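# Structural characterization, general
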Amino acid sequence: MLSLILPTYNESENLPELLPKLEETLKGIPHEIIIVDDDSPDETWRIAQELGQKLDDVHVIRRVGRRGLSSAVIEGFLSAKGDVLAVMDADGQHDMDILPKLYSAIQEGSGIAIGSRYVPGGSVGEWDERRHLMSRVATKMALAVCNVKASDPMSGFFALRNDLFQNAARHLNPKGFKILLDLLVCVPKDTTVQEVPFTFSTRLHGESKLSRRVQIEFVEYLYDVTVGRYIPLTFLKYCIVGAFGVLVHLGTYVAASSVLQSGEELSLFGFRIAVLAAIEVAIIFNFYVNNVWTFAVSRLRGMAMLIGFGKYNFACAFGAVANYAVSSYLFSLGWVDLAAVIIGAFTGVVWNYTMSRFVAWKN
Ligand code: GDD
Ligand code: MN
């Protein structure tokens, strides 16, 4: 049995054209169609429910409060009954006449069958040059980084054996659009992959949801599966913020000390005040940027943000002490001052990252 997933977001105009044709195409194949809609503002889920009343084999999942193509496909796959799973755009861009071929490829022993734009006989059709270039670059990057054997690992049109999916399910990364790439990475290396050429058409109605955000998520994904295994992305971002935080710290110190000095002289008291101001301004800067960027997924708002800020200050107090202690110890051993300061600051960053990760943003 074939379980076909149609992920949808604002496809209410396309479904009424697509479903009758699909039923016609799948006539000879035992199948179910699962529409996974992310609570589309145009009420695609309602249209799907109405169409489904006349068609026994159509099921609708309306997800509220969640967004994302990959996660919608995973959810559809998880709810499917068929021994063969497939996914297709719900906008008419994927040539549905290929579906029976993808299905029989799996029945004849392939683990995964891809509707491919990049094998002989396939093409991207009438894409503009910008989108075409974007797709080629993304495909090249994916192939360079991920060690998968497929010429179109970014295709949104494919079928696979249900048991392969079930075994991979816990390891999948539900961010973004690259569900096929992620499956290819997660299935056993000896899985047979077959590619069936097709020509990518233009959308019937509406527009693409492949946003800037989705593109950023793709690059983050490639980072996660390579360097990210050793240096987590959040740590890298934390270091970048920390580096700017050091500049903010220095800038604030220079400004504050110039206000506090009387004549040419800066008293010890004035120096301490300037350093304290610099530390606190840097803490506020770091907290703000880490909250909206580094830890954006678990971003704190309102009261939780104030509490998180309190905890962050507490955690940073130790970082500042660690920084101070290490750098003054190294300096006292006779190290060059700059080296001592840099190593001290690095100690502080590692300490602060650990504390923020496990105390302030632990969820
Ligand atoms: N449930 C859900 N949630 N569905 C979504 C979401 C979402 O957040 N975003 C997009 N979809 C649905 C769309 O409604 C459509 O049916 C399908 O997923 C693909 O989205 P499109 O917006 O049509 O993507 P595209 O045509 O620009 O991109 C195509 O090519 C990419 C590679 O070049 C797709 O086939 C992608 O899957 C493919 O990665
Ligand atoms: Mn599309």
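The structure displayed is predicted, hence computed values, not measured ones.

## Remarks on empty space enclosed by the protein
Evaluated as defined, the whole model comprises 1 cavity of 30 Å³ or more. There is about 40 Å³ of room inside the largest cavity. Around the largest cavity, the lining residues are Pro7, Leu69, Val73, Val87, Asp89, Gly156, Phe177 and Ile179. Among the residues forming the lining of the largest cavity, the class breakdown is 6 nonpolar, 1 polar and 1 charged.

## Thoughts on the pairing of strand β5 (residues 112-116)
Each regular strand shows side chains that alternate between the opposite faces of the sheet. Buried residues dominate β5, accounting for 5 of its 5 residues. Bridge analysis of β5 against strand β7 (residues 193-197) gives 5 bridges, and the strand direction is parallel. Within β7, the position partnered with Gly115 by the bridge is Val196.

## Points about the side chain of Gln93
Considering the arrangement of structural elements, one finds Gln93 in the loop between β4 (84-87) and α4 (99-107). Gln93 gets classed as buried once you look at its relative accessible area, which sits at 11%. What Gln93 contacts, discounting residues up to four positions off in sequence, is Phe198, Thr199, Phe200, Ser201, Thr202 and Arg203.

## Some words on helix α9 (residues 233-260)
With 28 residues, α9 extends 40 Å from end C-alpha to end C-alpha; this agrees with the ideal 40 Å at 1.5 Å per step. Listing the buried residues of α9 in full gives Leu233, Phe235, Lys237, Tyr238, Val241, Gly242, Gly245, Thr252, Ala256 and Ser257.

Criteria and thresholds
Residues numbered from 1 in each chain as written. Chains lettered and ligands numbered in written order. Predicted model: local features only at pLDDT ≥ 70, side-chain atom pairs only at ≥ 80, totals over all residues. Heavy atoms only, no water. 1 Å grid on protein atoms, 1.4 Å probe; cavity = no way out; pocket = protein on both sides within 12 Å on 5 of 7 lines; lining within 4 Å. Points joined across faces, edges and corners; volume = space filled by probe spheres on them. Nonpolar A, V, L, I, M, F, W, Y, C, P; charged D, E, K, R; others polar. Buried < 20%, exposed > 50% of the residue type's maximum accessible area, 1.4 Å probe, protein only. Helix = DSSP H or I, 4+ residues; strand = E, 2+ residues; numbered from the N terminus. Pairing = 2+ DSSP bridges. Contact = heavy atoms within 4.5 Å. Expected span 1.5 Å × (residues − 1).

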